[in-house]
Amino acid sequence: MLPMERAEGRAAPVGAARKLSRRRFLKTAAWAGAALSAAGVGGSGPVVRRAQAQAYTTYQGAGDETFLQFVLQLSRLTKTCYQRGVDTGFFGGSALTQLEGIRGHYVKHVDGITEMMEQMGVEVLAEPAEFTFPQGAFADPTAFLELCSDVEEVDVGTYQGALPVIENKDLLALAISFYSYTCGARCAVNILKGVDPPHNLAFEEALSRPDAQQAAEAVGLPVE
Amino acid sequence: MREPEMKEYPVRSRRFVLPRTRRDFFKALAASGAAGGLAVLGHGALAQDGGEDAQRENEVAQEGDSDIKVANFALALEFLEQDFYGKALEADVLTGRARSYLQRAEDQENQHVVALTDVIQQYGGTLAEKPQFAYPQGTFSSQASVVGQAQRLEAVTTGAYIGAVPEIQDPGVRSTPVSIAGVEDEHEVAVNDLMGAVLPDDVAFPEGLTRDEVLTAVAPYLGLSSLTDTGGPPPDGQYRRSRR
């Protein structure tokens, strides 16, 4: 086992594994900012913010049921991602404690979403037989943490894109809590990666619905 | 699709020392001269007289809160954080990671103020004025006390957003507070890391706070140095996330 204490994690180079999951992810996922980039707009100024804020329009009409089914599969993928990372044996000490903690929280998210679906009478889809994580994503600690970042970005972007149009109040209350946790998990992974400061975005980035689906596929969610 | 039954999910435990009664609490606030800050936070009526009639009036008003009022409520909290981080950095007691973490947080809170201001104006609302804030003695005297206060403020703000977002009806208004809510949770995690938490993101279901709980928590920053008659401010560390 390679003990990866947080102090070591902070010092670890993070660029080496970007060629793995992240490249594929960013190549295939048309992020919400793509249209802005095409228009020559970058950064996080008001124009970008407003355009980001419009991502919710792509979820309008899809319904709470569709959202639930998608985030259930995403949460299952996220839970599995952390489980596999823990199982690699790369991590020890506080890094392992953190990863096991995050894994456990996503297990609770899966349970919470499933219960909500059952209460709402929404069909609970079967868990995919296998998630197709990017090749090499579990080859070393750095590659794995990059995958975690990518997965968290999909989770955050999906929740943030859909939250403005969720209609059911109970579901909305649940989703904003899950979303909040997920943003924190994104930050926690940044801490493990040595990103300083780890809270490196002034605004979370929303994904449009088609972009979220594409991005989820890029990090391992099988196409229906 | 069936409507879901009401169900309680396990939530982050943020224990607040609540006032004995709502009336006592708001009477004390009104007497303290914190009415301006309370008005910003949407409790202007109670701040004026703190009576039962006003309380009932306020409860009715709460039910009919417009999206803009909720956005202004969020703006007031952002003003507080902006003010706090600005003073913390001016105090020049921060070094290393603590300084870089809080410097970034201040920059982000500034952007949140601008974003919420934009939304409120875009939807034709009237902007709340920035209140005058006060801080417990010694808040800015050491890095440890600054980071401790930051932890408390971020926990309150995160809980406030989680509690307030479901009140917002219009998706166009809701989207900005949603985006900010996640960043506030990140701030909480980052500050927990500064405090040495092994698992800084340690609760699967962060809990939302009611408006009264938020008001109770921020009252000391509105000029109330003591809330002993109303339950008192939460002791240090009480806002830390509990492990589940």
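Scroll up to find the structure.
How each quantity is defined
Residues numbered from 1 in each chain as written. Chains lettered and ligands numbered in written order. Predicted model: local features only at pLDDT ≥ 70, side-chain atom pairs only at ≥ 80, totals over all residues. Heavy atoms only, no water. Helix = DSSP H or I, 4+ residues; strand = E, 2+ residues; numbered from the N terminus. Polar contact = N/O pair within 3.5 Å; in protein donor to acceptor, adjacent residues only side chain to side chain. Contact = heavy atoms within 4.5 Å. Buried area = accessible area lost by both parts, 1.4 Å probe. Salt bridge = Lys/Arg side-chain N within 4 Å of Asp/Glu carboxyl O. Nonpolar A, V, L, I, M, F, W, Y, C, P; charged D, E, K, R; others polar. Expected span 1.5 Å × (residues − 1). Buried < 20%, exposed > 50% of the residue type's maximum accessible area, 1.4 Å probe, protein only. Phe/Tyr/Trp six-rings, centres within 6.5 Å; stacked < 30°, edge-to-face > 60°.

Asker: Would you mind going over the side chain of Ser208 of chain A with me for this structure?
Answerer: On the secondary structure map, Ser208 of chain A appears in the loop between helix 8 (169-193) and helix 9 (209-218). At 3.0 Å, the side chain of Ser208 of chain A forms a polar contact with the side chain of Asp211 of chain A.

Asker: What is the right way to look at the interface of chain B and chain A in this model?
Answerer: How big an interface is tends to be stated in terms of the accessible area lost upon association of its parts. Of the residues lining the interface, 55 residues belong to chain B; the matching set on chain A comes to 58 residues. Roughly 4,700 Å² is buried in total at the junction of chain B and chain A, and carbon and sulfur atoms are behind 57% of that figure. Counting the contacts that link chain B with chain A gives one salt bridge. A salt bridge links Glu186 of chain B to Arg186 of chain A; the nearest nitrogen and oxygen atoms lie 3.0 Å apart. Counting across the chain B and chain A interface gives 19 residue pairs in polar contact (both at pLDDT 80 or more). Elements represented by at least two residues in the side of chain B that touches chain A include exactly helix 6 (96-122), helix 7 (143-164) and helix 8 (171-194) of chain B. Here the side of chain B that touches chain A is composed, by residue class, of 27 nonpolar, 13 polar and 15 charged.

Asker: Quick question: what am I supposed to make of the environment of Ala129 of chain A here?
Answerer: Looking at where Ala129 of chain A falls in the secondary structure, it is placed in the loop between helix 6 (93-120) and helix 7 (141-162). When the C-alpha positions of Ala129 of chain A and Pro222 of chain A are compared, they lie 9.2 Å apart, and in sequence the two are 93 residues distant.

Asker: Would you explain helix 8 of chain B in this entry?
Answerer: Residues three or four positions apart in an α-helix share a direction because the helix packs 3.6 residues into each turn. All names here are of chain B. Compared with the 34 Å implied by 1.5 Å per residue over 24 residues, the 35 Å span of helix 8 between its first and last C-alpha is a close match. In terms of residue burial, helix 8 counts as a mostly covered element, since 24 of its 24 residues are buried. Its side-chain oxygen placed 2.7 Å from the backbone nitrogen of Gly172, Asp170 serves as the N-cap of helix 8. Among the residues trailing helix 8, Gly196 stands out with phi positive, at a value near 90°.

Asker: Would you mind going over the packing of aromatic side chains with me for this structure?
Answerer: The way to describe two aromatic rings as a pair is by their centre distance and the angle between their planes. Using the criterion set out here, one finds 15 aromatic pairs over all chains in the structure. Ring centres of Phe90 of chain A and Phe91 of chain A lie 6.4 Å apart, and the angle between their planes is 75°; on these two criteria the pair is classed as edge-to-face. Given a relative accessible area of 16%, Phe90 of chain A falls into the buried group. When the ring of Phe84 of chain B is compared with that of Tyr135 of chain B, the centres are 6.0 Å apart and the planes differ by 45°; the resulting orientation is tilted. Taken as a pair, Phe84 of chain B in helix 5 (residues 67-90) and Tyr135 of chain B in the loop between helix 6 and helix 7 lie far apart in primary sequence, 51 residues in all. For Phe84 of chain B, a relative accessible area of 0% translates into the label buried. For Tyr135 of chain B, a relative accessible area of 16% gives the class buried.

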